[in-house]
Amino acid sequence: ELIDYLLRALLLQIDQAAAFRPDVKKVPYVATRMRNFIEERAATPFRLDELAREAGLSVSRAVHLFKECFGMTIIQYAQEVRLAIAEERMKYSAMTLEQIAETSGFGNYSHFYKVFLRKHGIPPSEFRQRWEAGRLGGR
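Here Glu-98 is to be found in helix α6 (residues 97-103). For Glu-98, a relative accessible area of 43% gives the class partly exposed. A C-alpha to C-alpha distance of 8.8 Å links Glu-98 and Phe-112, two positions 14 residues apart in sequence.

Next comes the structure, spelled out in structure tokens:
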């Protein structure tokens, strides 16, 4: 059972990594470093100046370069990664929605609820219920 769980977690990580690799024009290495920084730290609070410092750029240049390369802002991308983390946890863990919100980087349930509802059109609790009932194409 433990091996099954670990294998499932590994496959989810691979799926998540593949989902966030847009097939667009050749991306500069520094932009890839910024994307990796976000993916590695999405579940914890981080600041734009930390990301820019990691990339060796000013905040302004980092923000513009990221948007130019990936077609979304750093904040939008971080939210997408956080939502993906939360969705996986809703599907494959017994954590409460409040715990999921906190451990996925949203800080509080209220913010998570709003972001989730805006993206999916349904509340997180309904998403989880539908998943458990097999109506979201899972399992």
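From this point, things continue past the structure.
Turning next to a nonpolar patch on the surface. A cluster of nonpolar residues, Leu-7, Leu-10, Leu-11 and Ile-14, forms a patch on the protein surface that exposes about 370 Å² of accessible area. For Leu-11, the position within the fold is in helix α1 (residues 2-19). By relative accessible area, which is 45% here, Leu-11 ends up partly exposed.

Quick look at the nonpolar core now. With 20 residues, the main nonpolar core has Met-34, Ile-38 and Phe-66 as its most contacted residues. Those elements giving two or more residues to this core turn out to be α2 (29-41), α3 (48-55), α4 (59-70) and α5 (74-92). Not counting residues up to four positions away in its chain, the partners in contact with Met-34 are Leu-51, Ala-55, Leu-57, Ala-62, Leu-65 and Phe-66. By size, the runner-up hydrophobic cluster in this structure holds 12 residues, among which are Met-90, Ile-100, Phe-112 and Ile-122.

A word on the pattern of salt bridges. Following the criterion strictly, the structure yields six salt bridges and no others. In this structure, the salt-bridge partner of Arg-41 is Glu-40, at a minimum N-O distance of 3.5 Å. For Glu-40, a relative accessible area of 62% puts it in the exposed group. Of the charged contacts in the structure, one is a salt bridge between Glu-87 and Lys-119, with a shortest N-O distance of 4.0 Å. With Glu-87 in helix α5 and Lys-119 in helix α7 (residues 109-120), this residue pair connects regions lying 32 residues apart in the sequence.

Scoring rules and cut-offs
- Residues numbered from 1 in each chain as written.
- Predicted model: local features only at pLDDT ≥ 70, side-chain atom pairs only at ≥ 80, totals over all residues.
- Heavy atoms only, no water.
- Helix = DSSP H or I, 4+ residues; strand = E, 2+ residues; numbered from the N terminus.
- Buried < 20%, exposed > 50% of the residue type's maximum accessible area, 1.4 Å probe, protein only.
- Patch = residues over 30% accessible without salt bridge, like charges linked within 9 Å, V, L, I, M, F, W, Y side chains within 5 Å.
- Areas by Shrake-Rupley, 256 points an atom, 1.4 Å probe, with all protein chains shown as cover.
- Salt bridge = Lys/Arg side-chain N within 4 Å of Asp/Glu carboxyl O.
- Core = buried A, V, L, I, M, F, W, Y, C linked by side-chain atoms within 4.5 Å.
- Contact = heavy atoms within 4.5 Å.

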